[in-house]
Amino acid sequence: MSSVKVSGLNPLSASRSKIYVLRSQPSGAQTEVYHLDLTSIADFGLANQFKMRSNDIVYVDASGLARWQRVVNQIIPFSNALYNLDRLGELMKINNILVVCIGNICRSPMAEYFLKQEFPHLQIESAGISGLVGHAADDKASLCMQRLGIDMSPHVARKLNAELVKKADLILVMSQNQQKHVEQTWPFAKGKTFRLGHWQSKNVADPYQHDQAVFDDTCQLIQACIADWKKYI
């Protein structure tokens, strides 16, 4: 037990019903997460049968894992392994998703409206790093979505800001450069900011000022990337 690492323990706020043990496999291929609930004497008896291992990491939470990935990034250096968890979205308690591109008139609104269609119970928003504030969605982007039966006419572009970043549980950007920019500008975004094409290791290139065929291809890629995320949200 002496080699067990402990992090996140605050005796004034820690909850005995929210004790998590993170265990990495020797291969480094995945990380297992165990939840220990010690709210009763019986639970203590069961927990006593749980054998800790060298390098297990214990996290005692005060308010639920609403910022799961951020916590993980702070306490283990190999948090990418957690992407293998099938219930990542449940652990993260994702309620608010923010989609980011540059101008907020092409890629991010398409992704926003696809996500709204897939997850009507969640709060989905979009914004642009250099948002063309007040502009409607690009006509070619709107046409792509219209062909799929999705109306983007209500969309109004806006600029990304700290408030939007702060309230988002998951931020989806279009490229590695955008991810780097968001995380450097708002360090608290690190751990909850990912590329939309994360699961395909792809950036989503900007179709702005290209012809309709490029927009169509971009729309299809965005749709495919969102399909990949469905398993984790």
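Residues numbered from 1 in each chain as written. Predicted model: local features only at pLDDT ≥ 70, side-chain atom pairs only at ≥ 80, totals over all residues. Heavy atoms only, no water.

### With respect to the pairing of strand 6 (residues 123-128)
Step number 1: Burial runs high along strand 6: 5 of the 6 residues are buried.
Step number 2: Note on the crossover from strand 5 (residues 96-101) through helix 4 (residues 107-118) to strand 6: the handedness is right-handed. (Buried < 20%, exposed > 50% of the residue type's maximum accessible area, 1.4 Å probe, protein only. Helix = DSSP H or I, 4+ residues; strand = E, 2+ residues; numbered from the N terminus. Right-handed = clockwise from strand over helix to strand, strands pointing away.)

### Some remarks on unusual backbone geometry
Step number 1: In this structure, S201 is a non-glycine residue whose phi angle is positive, near 55°.
Step number 2: Relative to the helices and strands, S201 is located in the loop between strand 8 (193-195) and helix 8 (212-229).
Step number 3: The phi angle at Q209 is positive, at roughly 70°, despite the residue not being glycine.
Step number 4: Relative to the assigned elements, Q209 resides in the loop between strand 8 and helix 8.

### Points about the pattern of salt bridges
Step number 1: Evaluation of the coordinates by the stated rule reveals 6 salt bridges.
Step number 2: For D206, the salt bridge goes to R107, with nearest N and O atoms at 3.5 Å. Remark: R107 occurs in helix 4 and D206 occurs in the loop between strand 8 and helix 8; sequence separation between them is 99 residues.
Step number 3: The buried category is assigned to R107, whose relative accessible area is 4%.
Step number 4: The residue K116 makes a salt bridge to E112 at a minimum N-O spacing of 2.7 Å. Highlighted residues: K116 and E112, both in helix 4, separated by 4 residues, approximately one helical turn.
Step number 5: For E112, a relative accessible area of 6% corresponds to the buried category.
Step number 6: Because the salt bridges share partners, they merge into one network encompassing E125, R158 and K167. (Salt bridge = Lys/Arg side-chain N within 4 Å of Asp/Glu carboxyl O.)

### Quick look at the nonpolar core
Step number 1: Core analysis: the largest hydrophobic core is formed by 34 residues, its most contacted members being I97, M110, L115, M145, L172, L196 and I222.
Step number 2: Mapped by element, the contributors of at least two residues to this core are strand 5, helix 4, helix 5 (139-147), strand 7 (170-173) and helix 8.
Step number 3: Tallying contributions element by element places helix 8 first for this core, with 6 residues.
Step number 4: Non-local contacts of L196, meaning those with residues more than four positions away in its chain, are made with A111, L172, V173, M174, V204, I222, C225, I226 and W229.
Step number 5: Counting 13 residues, the second largest nonpolar core, distinct from the first, contains A168, V173, V182 and W186. (Core = buried A, V, L, I, M, F, W, Y, C linked by side-chain atoms within 4.5 Å. Contact = heavy atoms within 4.5 Å.)

### Examining the packing of aromatic side chains
Step number 1: Under the criterion given, the structure shown has 3 aromatic pairs.
Step number 2: Between W199 and W229, the aromatic rings sit 5.4 Å apart at their centres with planes inclined by 70°, giving edge-to-face as the arrangement. Placement of the pair is W199 in the loop between strand 8 and helix 8 and W229 in helix 8, with a sequence separation of 30 residues.
Step number 3: Assessed through its relative accessible area of 26%, W199 is described here as partly exposed.
Step number 4: K116 extends its terminal NZ or CZ atom over the ring of Y113, reaching a point 4.8 Å from the ring centre.
Step number 5: The cationic tip of K166 hangs over the ring face of F188; the distance from NZ or CZ to the ring centre is 5.8 Å. (Phe/Tyr/Trp six-rings, centres within 6.5 Å; stacked < 30°, edge-to-face > 60°. Lys NZ or Arg CZ within 6 Å of the ring centre and 35° of its normal.)

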